[in-house]
Amino acid sequence: MRSFLLPVVLIAGAFSLTNCTPLGPPGGGPDTVVNWRQEGNWRQEGPSSDSAPSGQISGGSLMRQVNLRTNLMVPKGVHGRRVYRPMRPRYITIHSTQNWTAGAERHAVALRRGALRAPKRRGGNRIGYLIWHFTVDDRQAIQHMPTTEQGEHADFDGPGNRYSIGIEMCEQRGSNRAATIERTAKLTAYLMKKYDIPLSNVVPHYHWPRRGCSPAHKNCPWFLMDGGRPGAKWRWFQGKVNYYYRSLN
């Protein structure tokens, strides 16, 4: 745990000295970018985006496949949940962590300890602690806060934070990205059904411009973007989400 938390604190602190480039967990760099075509055929794992559901499944069954844990939430009244901000979710925002050393549980520990500070706003004022609703890796999904509370993961005081559920996909070295994407798609489909959110409102972090940042639109989740923006890969992911959504009874 020590090997993760110390770099997180140092890099998160450095956010205040930058131009708000990463609004999300720290990590990454030019030497860690993986070529899409070198990832193998993981895009073909699981159902194809245009395939029809083979049968109906209950929400409970789908969530058992997600393997959701709710026992590591950030306590009410501290860090990212210090101020209660109610939310009626209208969107689901998908992120990638760009943290090559940590899975879902280590992100949960960092959020509970207040190790992830948000970058400064334009003008130099802190906006507090980063927090989002779920972190997903290739083994499990962990919930960090209720889906009826606002997080701090997308666009400062914008609609991305005010109205969207934030889901972070892990990409630690050695993990199975295909399994992480499948788990994320299933969780997203369940949340769509629960809150009556249309597929068009399942958006990447890129969707929300960050006022005062350059560039305003973040290349996130980077491995589902084409040339830094939504394209064929994002439509493929939406198709996967839609498959599981249509499978729900």
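Residues numbered from 1 in each chain as written. Predicted model: local features only at pLDDT ≥ 70, side-chain atom pairs only at ≥ 80, totals over all residues. Heavy atoms only, no water.

### Regarding the overall build of the chain
The following threshold applies: Put simply, DSSP H or I for four residues or longer makes a helix, DSSP E for two residues or longer makes a strand, and each gets a number counted from the N terminus. Exposed residues in this analysis have more than 50% of their type's maximum accessible area, buried residues have under 20%, and partly exposed residues fall in between, with area computed by a 1.4 Å probe over protein chains only. Whether two residues are in contact is decided by their heavy atoms: any pair within 4.5 Å suffices. With residues, only the protein chains shown are counted as cover, and all accessible areas are computed by Shrake-Rupley using a 1.4 Å probe.
Across its full length, the chain carries six helices and six strands. Taking all 249 residues of the chain together, the buried fraction comes to 53%. When contacts within the chain are restricted to residue pairs at least 6 apart in sequence, those whose partners lie at least 24 apart make up 76%. Accessible surface, the chain as shown: approximately 11,300 Å² in total, 48% of it carbon and sulfur.

### A word on the environment of Arg 246
You can see Arg 246 is positioned in helix H6 (residues 232-247). Arg 246 gets classed as partly exposed once you look at its relative accessible area, which sits at 37%. Sequence spacing of Arg 246 and Gly 55 is 191 residues, and the spatial spacing of their C-alpha atoms is 9.3 Å.

### Focus: the nonpolar core
Quick note on the threshold: Residues belong to one nonpolar core when they are buried, are Ala, Val, Leu, Ile, Met, Phe, Trp, Tyr or Cys, and are joined through side-chain atoms within 4.5 Å.
Grouped together as the largest cluster of nonpolar side chains are 34 residues, with contacts concentrated most on Ile 92, Ile 94, Ile 167, Leu 187, Leu 224 and Phe 237. Looking at this core, the elements with two or more residues in it are helix H2 (59-66), strand S2 (91-96), strand S3 (134-136), strand S5 (164-169), helix H5 (177-195) and H6. Setting aside residues up to four positions removed in sequence, Leu 224 forms contacts with Met 169, Ile 181, Lys 233, Trp 234, Trp 236 and Phe 237. Residues Ala 118, Leu 130, Ile 131 and Trp 132 belong to the second largest nonpolar core, which totals 10 residues.

### Some points on the confidence of the model for the chain
What counts, and what does not: Confidence scores per residue from the predictor, reported as pLDDT, run from 0 to 100.
The predicted model of the chain has a mean per-residue pLDDT of 81, with 75% of residues at 70 or higher. Note on residues 1-45: pLDDT is under 50 here. Beyond four places in sequence and across chains, it has 90 contacts.

### What to know about the packing of aromatic side chains
As a reminder, the rule being used: Pairs were defined over the aromatic rings of Phe, Tyr and Trp, the Trp ring being its six-membered one, requiring ring centres within 6.5 Å. Orientation was assigned from the angle between planes: stacked under 30 degrees, edge-to-face over 60, tilted for the rest.
Enumeration according to the criterion identifies five aromatic pairs in this entry. Centre to centre, the rings of Tyr 91 and Trp 208 are 5.0 Å apart; their planes meet at 80°, and the pair counts as edge-to-face. Pair noted here: Tyr 91 is in strand S2 and Trp 208 is in the loop between strand S6 (202-204) and H6, with a separation of 117 residues, a long-range link. A residue is classified by how much of its surface remains accessible, and Tyr 91, at 22% relative accessible area, is partly exposed. On the basis of relative accessible area, Trp 208 is assigned to the buried category, the value being 5%.

### Let's talk about the side chain of Glu 149
Tracing the sequence through the fold places Glu 149 in the loop between strand S4 (141-143) and helix H4 (159-163). Of the residues examined, Glu 149 reaches a relative accessible area of 6% and is grouped as buried. Beyond its immediate stretch of four places on either side in the chain, Glu 149 contacts Arg 81, Tyr 84, Arg 85, Met 87 and His 133.

### Re the pattern of salt bridges
Rules: For salt bridges, the criterion is a side-chain nitrogen of Lys or Arg within 4 Å of an Asp or Glu carboxyl oxygen.
Under the criterion given, the structure shown has six salt bridges. Here Arg 69 ties to Glu 105 by a salt bridge, and the two come within 3.1 Å at their closest N and O atoms. With Arg 69 in strand S1 (residues 68-69) and Glu 105 in helix H3 (residues 104-112), this pair connects stretches of sequence that are 36 residues apart.

### So, the packing of H5 against H6
We count it as follows: For helices, the fitted line uses only the C-alpha atoms of the stretch in contact; every axis is such a line through C-alpha atoms, and the angle between N-to-C directions lies from 0 to 180 degrees. The cut-offs work like this: below 35 degrees is roughly parallel, past 145 is roughly antiparallel, 65 to 115 is roughly perpendicular, and the gaps in between are oblique. Crossing chirality is assigned from the near helix's rotation relative to the far helix, an anticlockwise turn below a right angle marking it left-handed and a clockwise turn marking it right-handed. In this classification, Asp, Glu, Lys and Arg are treated as charged, Ala, Val, Leu, Ile, Met, Phe, Trp, Tyr, Cys and Pro as nonpolar, and every other residue, Gly included, as polar.
Between H5 and H6, whose axes approach to 8 Å, the crossing angle comes to 55°. Overall, the two elements H5 and H6 adopt an arrangement that is oblique. For the element pair H5 and H6, the recorded crossing hand is right-handed. When H5 is examined against H6, the residues Ile 181, Glu 182, Thr 184, Ala 185, Lys 186, Thr 188, Ala 189, Met 192 and Lys 193 are found in contact with a partner set consisting of Trp 236, Phe 237, Lys 240, Val 241, Tyr 244 and Tyr 245. Split by residue class, the contact of H5 with H6 holds nine nonpolar, two polar and four charged.

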